[in-house]
Amino acid sequence: PTSEGEPAAVGIGRIRLTYDGGPHVLLVTEAFGESDVRNDPHTRESPFRNTSGVVGFQDAYISAEVGKLIVSLGRASEAWLGDGQESLVLSANGPAYDRLLFSLRFSKFELRAFAATINDVVLDSTHDVLPEGVAQQRWHRFAFGHAITYKPTKKIELTLGETAMVQRQGFTVDLAYLNPLMIYQTTQHDTSQNGAGDANLTGFFAVRATAGHATFSGEWLVDDIQIDAKDRANYPNQFGWNLEASYALPTPMPASVGLQYRRIDTFTYIGQVDYSKVYANFDQPLGSELGPDADMVRGYGELWTSGRLHFTGGISRWRHGAYRLNDRPTQNRLGHANDPFPDTTADRPDPQRAWLGDLSAEWLDGIIPITAKVELARITNVNNVPTPARSFARLQLIASYRFRYP
């Protein structure tokens, strides 16, 4: 059926228009068409008419700079702390956000605030836990975040921040969540707020440092932490980790090698026993692409054979437990404090494990940039049920033509 499975081939066309209004104004719009939308986590639009294809907008925003303040309004992907896409806090792995972004930059400090609408969630008595007599509930949801970055030297960068995923039955936004100078824990428990105490809060700390040819980065996400001994005996901590180190090799051509480890604890991002509070957008994580109950270690390398030809490749080992962001009803973490990692359930008795490999070549031309990428996977216990190892492959070829008018 067209609603299931991975299509053998997908064609995607994009047109991106950028208007440079001088050093302080930028307008961007990017429309796209895709021949088959199945299993594309970046798409939020409905299929076009009666086809499996889709048309829509990935980017459509305006950014303006006034002194040290930058304001951006519209639809765009947003990745904090990550390299392009990946961040445990806020990533571009899912659909683009309709968001408002503020950034205030100084020589050693940067303050950033983010507010966005994410997808509505409709709870029903068939898939969710609802009070008796309630057949259906619609929740409007919002994502907020703010962070402060401190750069004491050119080689060290520290970031501290928090996010809030807020759901409301009426389409109203508590203005306190838009205040970048108040912590969300205080806002959540302000009794004057509509629906006080129902936000899914996370905090995070990140560091990046350079020492000679080596670069180090680390990120710690705290979804929930147990302080009291009684709570530790009943509830697991909900953390996320991202640790990475790379080293520039002393070779004739620029090259580097690196090692990365990511871990998302079993109940991280899931929140409470309510699907409307899950830290996700259209069933895709607002944070790490791994989702909950998973970890991955990856070794990689990159090589520049010229100023425009760039090669990257890596090998990864991936584990994924039984829990998913789109499980309904969401699982209650009570009594799971001492579960193994990755976790298992009666329906998903075995952790899914995989060897992954990737290789890409980029021709970074200013007019016609081209990227070719191949990804391979050898997966055991697909979907956490006992199965022999299966092999999967994906090939991507991306070419663009860029020009300026006038």
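Remember, predicted model here, so these are calculated numbers, not experimental data.

Caption draft 1: Examining the pattern of salt bridges more closely. Scanning the entire structure with this criterion turns up 23 salt bridges. Among the ionic pairs, Asp36 bridges to Arg38, the shortest N-O distance being 2.8 Å. Residue classification places Asp36 among the buried residues on the basis of a relative accessible area of 8%. Ionic pairing is found between Glu78 and Arg112, a salt bridge with its closest N-O pair at 3.7 Å. With a gap of 34 residues between them, Glu78 in the loop between strand S4 (69–76) and strand S5 (97–105) and Arg112 in strand S6 (residues 109–124) connect regions that are remote in the sequence. Looking at Glu78, the relative accessible area reads 8%, which means it is buried. Residue classification places Arg112 among the partly exposed residues on the basis of a relative accessible area of 23%. Look at the salt bridges and you will find they share partners, linking Arg14, Arg16, Glu30 and Asp59 into a network.

Caption draft 2: Broad picture of the environment of Met253. You can see Met253 is positioned in the loop between strand S11 (238–249) and strand S12 (255–264). Here Met253 falls in the partly exposed class, since its relative accessible area comes to 37%. Taking the C-alpha atoms as reference, Met253 lies 39 Å from Leu101; in sequence the two are 152 residues apart. When sequence neighbours within four positions are dropped, the list of residues in contact with Met253 reads Leu303, Trp304 and Thr305.

Caption draft 3: Summary view of a nonpolar patch on the surface. A surface patch of nonpolar side chains, about 970 Å² in accessible area, is lined by Trp363, Ile367, Ile368, Ile370, Leu397, Tyr401, Phe403 and Tyr405. As for its placement among the helices and strands, Ile368 is situated in the loop between strand S17 (352–363) and strand S18 (370–380). Looking at Ile368, the relative accessible area reads 41%, which means it is partly exposed.

Caption draft 4: Fine view of the pairing of strand S1 (residues 12–20). Here S1 runs beside strand S2 (residues 25–34); their pairing, made up of nine bridges, is antiparallel. Bridged to Ile15 within S2 is Ala31.

Caption draft 5: Quick peek at the environment of Arg232. Relative to the assigned elements, Arg232 resides in helix H2 (residues 229–234). Sequence spacing of Arg232 and His336 is 104 residues, and the spatial spacing of their C-alpha atoms is 9.9 Å. Discounting chain neighbours no more than four positions away, the residues touching Arg232 are Gln226, Ile227 and Ala337. Within the structure, the side chain of Arg232 is placed 2.6 Å from the backbone oxygen of Ile227, a separation counted as a polar contact.

Caption draft 6: Region of the structure containing the packing of aromatic side chains. Per the stated rule, a full pass over the model turns up 13 aromatic pairs. Plain terms: the ring middles of Phe142 and Phe144 are 6.4 Å apart, the flat faces sit at 25° to each other, and that makes the pair stacked. The buried category is assigned to Phe142, whose relative accessible area is 3%. With a centroid separation of 5.4 Å and 75° between ring planes, the pair formed by Trp220 and Phe239 is classed as edge-to-face. With Trp220 in strand S10 (residues 214–224) and Phe239 in strand S11, this residue pair connects regions lying 19 residues apart in the sequence. Its relative accessible area of 11% is what places Phe239 among the buried residues. Here a set of aromatic residues connected by ring pairs shows up, and it is made of Trp80, Tyr97, Phe114 and Phe204.

Caption draft 7: Looking closely at the nonpolar core. Within the largest apolar cluster, 34 residues are counted, with the highest numbers of intra-cluster contacts made by Trp80, Tyr97, Phe114, Tyr269, Leu286 and Trp318. Looking at this core, the elements with two or more residues in it are S5, S6, strand S7 (136–153), strand S15 (294–304) and S18. For this core, the element with the highest residue contribution is S6, accounting for five residues. Discounting residues that sit within four places of it in the chain, Tyr269 has contacts with Leu88, Asn200, Leu221, Asp223, Ile264, Val278, Tyr279, Gly287, Ser288, Gly291, Pro292 and Leu325. Core analysis: the second largest hydrophobic core is formed by nine residues, Ala164, Val166, Tyr177 and Leu201 among them.

Here is what the cut-offs are and how they apply
Residues numbered from 1 in each chain as written. Predicted model: local features only at pLDDT ≥ 70, side-chain atom pairs only at ≥ 80, totals over all residues. Heavy atoms only, no water. Salt bridge = Lys/Arg side-chain N within 4 Å of Asp/Glu carboxyl O. Buried < 20%, exposed > 50% of the residue type's maximum accessible area, 1.4 Å probe, protein only. Helix = DSSP H or I, 4+ residues; strand = E, 2+ residues; numbered from the N terminus. Contact = heavy atoms within 4.5 Å. Patch = residues over 30% accessible without salt bridge, like charges linked within 9 Å, V, L, I, M, F, W, Y side chains within 5 Å. Areas by Shrake-Rupley, 256 points an atom, 1.4 Å probe, with all protein chains shown as cover. Pairing = 2+ DSSP bridges. Polar contact = N/O pair within 3.5 Å; in protein donor to acceptor, adjacent residues only side chain to side chain. Phe/Tyr/Trp six-rings, centres within 6.5 Å; stacked < 30°, edge-to-face > 60°. Core = buried A, V, L, I, M, F, W, Y, C linked by side-chain atoms within 4.5 Å.

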